[in-house]
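Residue-level listing of the chains:
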Amino acid sequence: MTKFAIITGVSRGLGEGLAKLFLESGVHVIGISRTNNNKLPKIAEENNQIYKHFSCNLSAPDEVDDTFEQLKDFVFIPELTEVFLINNAAAVEPMDQAMNIKKEDLVNHIHVNMIAPMLITNSFLNEANKHEHVQAIAVEVTSGAGKRPIFGWSTYCSTKAGINLYTETVALEQEELNTGNKVIAFNPGVMDTQMQETIRSMDKGAFLDVERYRKLKAENQLNSPVDVASVLIDILNDEGVINGKLYNITDYL
């Protein structure tokens, strides 16, 4: 039995935590990010697993397609029995009133947060469906911001809401086609990551809720990325994982 996990945003935060735990549990990892993580090759070697990194700018659709073309033959080998895709990479900026957001920043954000995960998932499922005995599960990392409006987060809320409905729609298609493959969304909640540092650094005029996030840090209420990663891996290892479901970390931690 050979298992692979393809993880975007693997250089730090939740992506790094997922890669570490997958490698330690006997799952090979393909990492996709602009910069590599220097810790993961050593963890892979210690656990006799494969870790391979592909550098990719997720805001460039052609580069996203090219990257998947490069990695698919590496992953979809005859011995493969199970494969996971975790679309974890995301941008939170630009954070500002919608009327102040520049065109280039808006377009870049939508490419990273919505177009890239859609492109990768589409290619992932297309390839998985060519391999009859491979079980494939795609995870779209979402946010509570996809369920409610937040002052200063028009782009982030919109892309996460789009990813939620994309997840449900593609899951429905896979169900109707009886492929056996699944697509889920996962909300990791607030974690102690670099993204949170960026959020806390914002001016209140651009992001009205900034004091709430500063308070979460001050009161040590941010979850560890490794703890969150452990929950997601437990979900994926459960034979009863529900196709199309939006899983929420608050139900577990």
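Predicted model, so just to flag it, every value in this text is computed and none were measured. (Residues numbered from 1 in each chain as written. Predicted model: local features only at pLDDT ≥ 70, side-chain atom pairs only at ≥ 80, totals over all residues. Heavy atoms only, no water.)

A. Region of interest: the sheet that holds strand 1 (residues 2-8). Spatially, 3-2-1-4-5-6-7 is the arrangement adopted by the seven strands of the open sheet, whose pairing is parallel. Of all the strands in the sheet, the pair left with one neighbour each is strand 3 (51-55) and strand 7 (246-248). In this sheet, neighbouring strand axes are inclined to one another by 20 degrees on average, regardless of whether the strands run parallel or antiparallel. As defined by bridge partners, strand 6 (residues 182-187) adjoins strand 7 across three bridges and the pair is classed as parallel. By the bridge assignment for strand 7, Asn187 is matched with Asn248. Along the sheet face, helix 4 (residues 103-128) touches strand 1, strand 4 (80-87), strand 5 (135-141) and strand 6 and points at about 170 degrees away from the line of strand 4. (Pairing = 2+ DSSP bridges. Helix = DSSP H or I, 4+ residues; strand = E, 2+ residues; numbered from the N terminus. Axes fitted to C-alpha atoms, helices over the stretch in contact; angles between N-to-C directions. Contact = heavy atoms within 4.5 Å.)

B. Quick peek at the layout of surface pockets. One number sums up the size of the largest pocket: a volume of about 1100 Å³. Considering the residues around the largest pocket, the lining is formed by 44 residues, among which Ala89, Ala90, Ala91, Val92 and Met195 are closest to the centre. Looking at the lining of the largest pocket, the elements with two or more residues in it are helix 1 (13-24), strand 2 (28-33), helix 4, helix 5 (154-177), helix 6 (194-200) and helix 7 (210-218). For the lining of the largest pocket, the leading source of residues is helix 6, giving five residues. Of the residues that constitute the lining of the largest pocket, the class distribution is 20 nonpolar, 18 polar and six charged. (1 Å grid on protein atoms, 1.4 Å probe; cavity = no way out; pocket = protein on both sides within 12 Å on 5 of 7 lines; lining within 4 Å. Points joined across faces, edges and corners; volume = space filled by probe spheres on them. Nonpolar A, V, L, I, M, F, W, Y, C, P; charged D, E, K, R; others polar.)

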